[in-house]
Amino acid sequence: MNQVSDKTMQSTRHTLPNPCGAHLLARALKRHGVEVLFGQSLPSALHLVIPEFGMRQIAYRTENAGAAMADGYARASQKVGVVTAQNGPAAALLAPGLAEALKASVPIVAIVQDVRRTQTDKNAFQELDHFDIFRGCTKWARRVAEVSRIEDYVDMAFTAAASGRPGPTVLLCPQDLLLEAVTFDAGDQRHTSLGTYPLDRCVADPARIEEAARLLAQAEHPLIVAGGGVHLSAAHEVLAQLQDAASLPVATTSMGKGAVAETHALSIGVIGYFMGARGMAQHMRALIERADCVLFVGDRTNQNGTDSWTLFPKSARYIHIDIDGQEVGRNYEALRLVGDAKLTLMALTKAMARHDLGKRQVARRTVEQKIAAGKKAFQEDARGMLNSDAMPIRPERLMRDLNELLVPDTLMVTDASYSSIWAMNYLTAQHAGSRFLSGRGLAGLGWGFPAAIGAKIAHPSSDVVCIAGDGGFAHVWSELETAVRMKVKVTVIILNNQILGYQWHAEDVLYGAHTDACQLSPVDHAAIAHACGCEGVRIEKPADFKPALERALRSSQTTVIDVMIDPKAYPPLTLYEGKIGY
């Protein structure tokens, strides 16, 4: 037979046929720019051959964490993340992470080993109907049955993941398929790389863009709301240009945080259900409620970002830019600008330049003054907590000290629940494109730390800081060993209040009592860190936190900073307004 032409196909340190299906799969991944695979041992054949192609395996401890690593890597790198798993229970554990990626529009290709083709539907070991598992949490799932079709299916998986609205896909590979010797000419036949996103950019209807420009130019009180789609499209620079050129105020969702610089005079900050007492945008509500023309960009208009769909005025005219036409107008009837956020914003900026922007320029000073007043009122409201020396420690004080140490290329990663809310309100996006990675597609606990590992692998020269609660961190303690073994350094701040805070407080507000599950036993996370070979420190006094964080940032090892925080510290949720003490 003719050997595969790629010289990297030479087999080493294994007894696999040379070449075999695993080689074809690895070569296809390499063509798509894959450098890292997050995976356990299986598919063993694939992991045995990838070093021959210059790819690295990051061996996670649990599949749900592995999916989060691939997610964090994809968000931070603008590349499609790749995760692998065994069939059966391992594959099932991928589902939560893939579901988060689906809701958050993050491209991941999951390669799942399946039972041998001759054993299908015979109750082989850990055989399972994977299609039923993945149907609700992926864009696309297929099983490749012929070695000659491996490249076809890999290309389909990457295309589905990175095109249109990005999302996760699954490629099922039978074990014997990967072991099968290649008996045909498998020389290089394809050259296209499909491993970055957005894979295809398209612009919205020009006539509708012109209409949107007219509406924004003539509006009395226009507003832009930027969602996570701005980051996915790498549209932050274009949005910042539009904000300044057309004198338009910009607010963001939690996943859109960093789409514009929050230091800009026309930046409102994160809005939605975070606008309760001492919230960053609490005093900006009047600016939003009076808006007569609202432009959503890459925004799902979901419950949290709209404060249960009560925040925006019913009388406003809406414009919606999104790559997914089903999201446009889902909750607010809107002028439909279906297209890539970056290209469509570029076209909109040019269109607005052809209109008289005098009204915008005249109103700019007044809008800036109102935003400045709102920011000042927020600082005054929060000053006591930001400077608090109380013990247990106030989370606001921690955020103040952390904010002072952030540099422009720091990647902040937050777990679900209160961790993300404190960060979104009390940390500052210093420039357009600042990254605050938050697993708020579904907001499941445990996403933050493994996602931080993935983000660090994507940006090894940047500081990566993860904020997680003790409840969420309990889901993924084992990945501390992964960080040590794979030599990946992140800094983890544990907000340790020994309760499931959101659950406890929300149940008290909604039902007048809370369930027994909300109370946690004391855990020494610094001791866990030491046991895994990481650095760990327990913080009980506010003044000790900043020096510990400075040491952690200088260290070459993963550090867990276990901070004892006040269990009665309530973040600024509108749900709690007038119903719970501060």
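The following refers to the structure shown. (Residues numbered from 1 in each chain as written. Predicted model: local features only at pLDDT ≥ 70, side-chain atom pairs only at ≥ 80, totals over all residues. Heavy atoms only, no water.)

Below, the discussion takes up the sheet that holds strand 9 (residues 267-270). In space, the 6 strands of this open sheet follow the order 9-8-7-10-11-12, with parallel pairing throughout. Among the strands making up the open sheet, the edge pair consists of strand 9 and strand 12 (334-338). Each strand of the sheet is rotated relative to its neighbour by a mean of 15°, with strand direction disregarded. Where strand 8 (residues 250-252) and strand 9 come together, 3 bridges link them in parallel fashion. Each residue of the ladder has a partner; that of Val 250, found in strand 9, is Ser 267. Across the sheet, helix 12 (residues 341-353) touches strand 10 (293-297), strand 11 (317-322) and strand 12, and the angle it forms with strand 11 is around 130°. (Pairing = 2+ DSSP bridges. Helix = DSSP H or I, 4+ residues; strand = E, 2+ residues; numbered from the N terminus. Axes fitted to C-alpha atoms, helices over the stretch in contact; angles between N-to-C directions. Contact = heavy atoms within 4.5 Å.)

The subject of this paragraph is the layout of surface pockets. In this model, the largest pocket occupies a volume close to 360 Å³. Elements with a minimum of two residues in the lining of the largest pocket: helix 15 (418-426), helix 17 (470-473) and helix 19 (501-511). Approximately 300 Å³ is the volume found for the second largest pocket. Lining the second largest pocket are 19 residues, with Met 280, Phe 378, Gln 379, Asn 425 and Thr 428 positioned closest to its centre. Counting residues per element, the ones that place at least two in the lining of the second largest pocket are strand 9, helix 13 (358-386), helix 14 (395-405) and helix 15. Per-class residue counts for the lining of the second largest pocket are 8 nonpolar, 7 polar and 4 charged. (1 Å grid on protein atoms, 1.4 Å probe; cavity = no way out; pocket = protein on both sides within 12 Å on 5 of 7 lines; lining within 4 Å. Points joined across faces, edges and corners; volume = space filled by probe spheres on them. Nonpolar A, V, L, I, M, F, W, Y, C, P; charged D, E, K, R; others polar.)

To continue, consider empty space enclosed by the protein. If you walk through the whole model with that rule in mind, you get 3 cavities of 30 Å³ or more. There is about 450 Å³ of room inside the largest cavity. What lines the largest cavity is a set of 34 residues, and nearest its centre among them are Gly 228, Gly 229, Leu 232, Gly 298 and Asp 299. Every element with two or more residues in the lining of the largest cavity is listed here: helix 4 (89-104), helix 9 (229-232) and strand 11. When grouped by side-chain class, the residues that make up the lining of the largest cavity number 12 nonpolar, 14 polar and 8 charged. The computed volume of the second largest cavity comes to approximately 120 Å³. In this structure, the second largest cavity is lined by Arg 75, Ala 104, Val 106, Tyr 197, Gly 228, His 231, Leu 232, Met 255, Arg 435, Phe 436, Leu 437 and Ser 438.

The next thing to look at is helix 8 (residues 206-218). Taking 1.5 Å per residue, 13 residues should reach 18 Å; helix 8 reaches 18 Å between its end C-alpha atoms and fits that length. The complete set of buried residues in helix 8 reads Ile 209, Ala 212, Ala 213, Leu 215, Leu 216 and Ala 217. Buried residues along helix 8 sit against strand 7 (222-226), strand 10, strand 11, strand 12, helix 12 and helix 13. One side-chain oxygen at the N-terminal end of helix 8 lies 2.9 Å from the backbone nitrogen of Ala 207; it belongs to Asp 205. (Expected span 1.5 Å × (residues − 1). Buried < 20%, exposed > 50% of the residue type's maximum accessible area, 1.4 Å probe, protein only. Polar contact = N/O pair within 3.5 Å; in protein donor to acceptor, adjacent residues only side chain to side chain.)

Next up on the list: the sheet that holds strand 18 (residues 559-564). Strand order in the open sheet made by the 6 strands is 14-13-15-16-18-17, with parallel pairing throughout. The open sheet has two free edges, formed respectively by strand 14 (436-438) and strand 17 (535-539), since each of these has just one partner strand. Strand-to-strand, the axes of this sheet are offset by a mean angle of 20°, without reference to chain direction. Strand contacts of helix 21 (residues 545-554): strand 15 (464-469), strand 16 (491-496), strand 17 and strand 18, with the helix running at about 170° to strand 18, the strand carrying the most contacts.

By size, the foremost hydrophobic cluster in this structure holds 59 residues, and its most contacted members are Phe 38, Leu 94, Phe 449 and Phe 473. Setting aside residues up to four positions removed in sequence, Phe 38 forms contacts with Ile 58, Tyr 60, Gly 66, Met 69, Ala 70, Tyr 73, Val 82, Val 83, Thr 84, Gly 454 and Ile 457. With 41 residues, the next largest nonpolar core counts Leu 406, Trp 422, Phe 545 and Ala 548 among its residues. (Core = buried A, V, L, I, M, F, W, Y, C linked by side-chain atoms within 4.5 Å.)

Close contact between helix 3 (residues 63-77) and helix 16 (residues 448-458) brings their axes to 6 Å; oriented N to C, the two are set at 40°. In terms of their interaxial angle, helix 3 and helix 16 are classed as oblique. Handedness of the crossing formed by helix 3 with helix 16: right-handed. Touching Ala 65, Ala 68, Met 69, Gly 72, Tyr 73, Ala 76 and Ser 77 of helix 3 are Pro 450, Ala 451, Ile 453, Gly 454, Ala 455, Ile 457 and Ala 458, all from helix 16. (Parallel < 35°, antiparallel > 145°, perpendicular 65-115°, else oblique. Left-handed = near helix turned anticlockwise from the far one by under 90°.)

Time to look at the pattern of salt bridges. The tally for this structure, following the rule as stated, stands at 36 salt bridges. Glu 289 is the salt-bridge partner of Arg 285, the closest N and O atoms lying 3.7 Å from each other. Here Arg 285 and its partner Glu 289 are both found in helix 11 (residues 285-289), 4 residues apart, which amounts to about one turn of the helix. Where Arg 538 meets Asp 562, a salt bridge forms, and the shortest distance between an N and an O atom there is 3.9 Å. Residue Arg 538 is located in strand 17, and its partner Asp 562 is located in strand 18; the two are separated by 24 residues in the primary sequence. Taken together, the salt bridges that share partners define one network made up of Arg 27, Arg 31, Arg 149, Glu 151, Asp 152, Asp 155 and Arg 190. (Salt bridge = Lys/Arg side-chain N within 4 Å of Asp/Glu carboxyl O.)

On to the pairing of strand 1 (residues 36-39). Neither face of strand 1 is exposed, since Val 36 and Phe 38 on one face and Leu 37 and Gly 39 on the opposite face are all buried. In the classification by handedness, the crossover that spans strand 1, the intervening helix 2 (residues 44-49) and the parallel strand 2 (residues 56-58) is right-handed. Bridge count for strand 1 against strand 3 (residues 81-85) is 2 bridges, and the pairing is parallel. Pairing of Gly 39 across the sheet is with Thr 84, part of strand 3. (Right-handed = clockwise from strand over helix to strand, strands pointing away.)

Time to look at the pairing of strand 4 (residues 108-114). Walk down a regular strand and you will see the side chains alternate between the two sheet faces. Among the 7 residues that make up strand 4, 7 are buried, leaving the element largely enclosed by the rest of the structure. The pairing of strand 3 with strand 4 spans 5 bridges and is classified as parallel. Opposite Thr 84, over in strand 4, you have Ile 111 as the bridge partner. In the classification by handedness, the crossover that spans strand 3, the intervening helix 4 and the parallel strand 4 is right-handed. The pairing of strand 4 with strand 6 (residues 168-174) spans 7 bridges and is classified as parallel.

Any link to function would need more than the numbers given here.
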